[in-house]
Amino acid sequence: MKKKIISLFVVLTFCISVVFCACGGAGNKSGKDDIPLTSEEILEIKKAYCDIMYNGRKTAVADEIIEIFSYYGNYDGAIVVTVDGKTGISSYRSNRFTAMGYEFVGTPKSLFKVYKDGEMKSLDEACENGWLKEEDIKAVHEIYAEEYAVYYKDASATEDYEKIRVQFNEQIGAASSDCDVFYTSLGSYASTEVLSLESEDFWRNSHSATCKAGEATFNLSGMTELRAYRDGVLHTVESAYENGWLTAQDIEKALALHKAMYPYVYISREEAPSADEKTKEKMAREYYEKSLKLNYENVKASQVQADAFYGEYSGASVYHFTTPLASVTACVTCILGGVVFGFGSPMQVLEVYKDGSFLSLEAAYRTGWLSVSDLRALQSLYYLR
């Protein structure tokens, strides 16, 4: 009799487990599959996107001109990605949209695509057609918010963020106190914290400055500025030193950290990385053949020039190219990982070269070619020139 009761208990337990698993389990109602994309799926997605963008004219070269920037999971066969041309994509805080109640900040909505059974739909279409459920969008949003925490103040800011943002924008004369400010701590010294700050209002923030502490003089240039934060108020480093809140040794320690983050701020132009003319001519030809020729039929090789080399980072080389496409004079701010870049044209002027391929600066960051540390070093060199 006991054996029968035990056997019945085991059977019931098994049945409950099966039902529980079939329902997705507690807190896991999404149909998300974490298996990475296969090379076949990647090519299929690129071709499907190419068909949409070029009406089938360039499907044969889809792998060469299209890039998948982020993969947000497979939901019962519906694959969610952000995808665009290799020289494209621009993220700004002004890009905002809501999907099933979840707000996405930064990436243009048009770049989110959903691929299933040989067909590609927009995020809205995928939701309307039942490809994605509310739980799926929640899962996508969680991955995205972690990936781009810089656009979500609650995920990246301290309790003092608003005080620092407003004060710093006022101090540098930013167009608005609402401009985003990104900062990194360079250490706390007694009750004073030294911060490296930059505002998205990059034209006003780009500068050359001298920091004095007693007999020592420190020259700074580029996008970042240093401030001393104490009791909710931003002070200059000099005034913090004069008031006895920071010692010369404290400032030297903070600047050592800053130098490690932004190395090219502290060198002369003559010391900066450079490339000879033959190398730049070779890169200009490659950039034309592998990027511009495939995307812009009216551009000629003679119109492309590599006019600056901005160093090598994690095996990727960064060049500035002059082309007929970069002739529009409009200010563009690109914020990547809290590092601010300002360009004089809506076209990406910095291109990243690695393993025979070119990506725009943002694409290189999104695909892992460049880290935040790489971007900081690059930024300090970019503004040195």
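Every value quoted in this text rests on a predicted model; they were computed, and no experiment measured them. (Residues numbered from 1 in each chain as written. Predicted model: local features only at pLDDT ≥ 70, side-chain atom pairs only at ≥ 80, totals over all residues. Heavy atoms only, no water.)

## Remarks on the overall build of the chain
If you tally the helices and strands in the chain, you get 13 helices and 19 strands. Burial analysis of the chain (385 residues in total) assigns 50% to the buried set. Partitioning the intrachain contacts of the chain with sequence separation of at least 6 by distance along the chain shows that 59% fall at a separation of at least 24. Surface exposure of the chain reaches about 19,000 Å², of which carbon and sulfur atoms provide 51%. (Helix = DSSP H or I, 4+ residues; strand = E, 2+ residues; numbered from the N terminus. Buried < 20%, exposed > 50% of the residue type's maximum accessible area, 1.4 Å probe, protein only. Contact = heavy atoms within 4.5 Å. Areas by Shrake-Rupley, 256 points an atom, 1.4 Å probe, with all protein chains shown as cover.)

## What about the pattern of salt bridges?
All chains considered together, the criterion is met by nine salt bridges. Ionic contacts of the salt-bridge type, sharing partners, join the residues D76, K133 and D136 into one network. (Salt bridge = Lys/Arg side-chain N within 4 Å of Asp/Glu carboxyl O.)

## A short note on helix α5 (residues 134-147)
Since there are 3.6 residues in each turn of an α-helix, residues three or four apart along the chain are aligned in direction. Helix length check: α5 (14 residues) gives 20 Å between terminal C-alpha atoms against 20 Å at 1.5 Å per residue, within 8%. Every buried residue of α5 is accounted for by D136, I137, A139, V140, H141, Y144 and A145. (Expected span 1.5 Å × (residues − 1).)

## Brief notes about the sheet that holds strand β6 (residues 112-116)
Within a beta sheet, neighbouring strands are joined by backbone hydrogen bonds and run either parallel or antiparallel to one another. Read across the sheet, five strands follow the order β1-β2-β3-β6-β7 without closing on themselves; strand pairing throughout is antiparallel. Edge positions in the sheet fall to β1 (32-33) and β7 (119-122), since each has one partner strand and no second. Contacting β2 (66-75), β3 (78-85), β6 and β7, helix α2 (residues 39-54) runs over the sheet at an angle of about 115 degrees to β2. (Pairing = 2+ DSSP bridges. Axes fitted to C-alpha atoms, helices over the stretch in contact; angles between N-to-C directions.)

## Things to note about α2
The terminal C-alpha atoms of α2 lie 22 Å apart, and with 16 residues this matches the ideal 22 Å at 1.5 Å per residue to within 8%. Looking only at α2, the buried set comprises I45, K46, A48, Y49, C50 and Y54. Residues of α2 that are buried sit in contact with α3 (62-65), β2, β3, β6, β7 and α11 (277-295).

## Describing the sheet that holds strand β12 (residues 225-230)
Strands sit in the order β8-β9-β12-β13 across an open sheet of four strands; the sheet is antiparallel. Unpaired on one side and paired on the other, β8 (181-189) and β13 (233-235) mark the two borders of the sheet. For this sheet, the mean angle separating the axes of adjacent strands, direction not counted, is 35 degrees. Here β8 pairs with strand β9 (residues 192-199) via seven bridges, running antiparallel. Across the sheet, the residue bridging to F182 is E198, located in β9. Here helix α10 (residues 248-261) sits on the sheet and contacts β8, β9 and β12; the angle it forms with β8, its principal contact strand, is near 140 degrees.

## Description of the pairing of strand β4 (residues 96-99)
In β4, alternate side chains face the same way, and those of F97 and A99 are buried while those of R96 and T98 on the opposite face are not. In the sheet, β4 pairs with strand β5 (residues 102-105) via four bridges, with the strands oriented antiparallel. For F97, the partnering residue across the bridge sits in β5 and is F104. As consecutive antiparallel partners, β4 and β5 are separated by two residues, and within that stretch M100 has a phi angle of approximately 50 degrees, a positive value.

## A short note on the packing of aromatic side chains
Scanning all chains against the criterion turns up 15 aromatic pairs. Ring geometry for Y353 against F358: centres 4.8 Å apart, planes inclined by 50 degrees, an arrangement best described as tilted. Residue classification places Y353 among the buried positions, given a relative accessible area of 17%. Within the aromatic cluster, the residues linked to one another by ring pairs are Y287, F309, Y319, F321, Y353 and F358. For the cation-ring pair, K121 lies above W131, with the distance from its terminal atom to the ring centre recorded as 5.2 Å. (Phe/Tyr/Trp six-rings, centres within 6.5 Å; stacked < 30°, edge-to-face > 60°. Lys NZ or Arg CZ within 6 Å of the ring centre and 35° of its normal.)

## Describing the environment of S70
Within the secondary structure layout, S70 lies in strand β2. We classify S70 as buried; its relative accessible area is 5%. Sequence-wise, S70 and V83 are 13 residues apart; in three dimensions their C-alpha atoms are separated by 7.4 Å. Excluding residues within four positions of it along the chain, S70 makes contact with V80, V81, T82, E147, Y148 and R366.

## Here's the deal with the nonpolar core
One finds F104, L123, L132 and L361 to be the most contacted residues of the largest nonpolar core, which totals 47 residues. Aside from chain neighbours lying at most four places away, what touches L132 is Y75, A78, V80, M100, V114, L123, A126, C127 and I137. Membership of the second largest hydrophobic core comes to 18 residues, among which are Y49, C50, I79 and V81. (Core = buried A, V, L, I, M, F, W, Y, C linked by side-chain atoms within 4.5 Å.)

## Thoughts on the pairing of β7
Note: β6 against β7, four bridges, orientation antiparallel. Counterpart to Y115 in the pairing with β7 is M120. Joining the antiparallel neighbours β6 and β7 is a turn of two residues, in which D117 adopts a positive phi near 50 degrees.

## Observations concerning the confidence of the model for the chain
Chain-level statistics for the chain give a pLDDT mean of 78 and a share of 76% at 70 or above. In the predicted structure, residues 1-28 sits below a pLDDT of 50 and forms two contacts with residues beyond four places in sequence or in another chain. (pLDDT = per-residue confidence, 0-100.)

## Some words on unusual backbone geometry
One non-glycine residue, D117, lies in positive phi territory at about 50 degrees. On the secondary structure map, D117 appears in the loop between β6 and β7. For S314, which is not a glycine, the phi torsion comes out positive at approximately 50 degrees. Along the chain, the position of S314 falls in the loop between β14 (305-313) and β15 (316-322).

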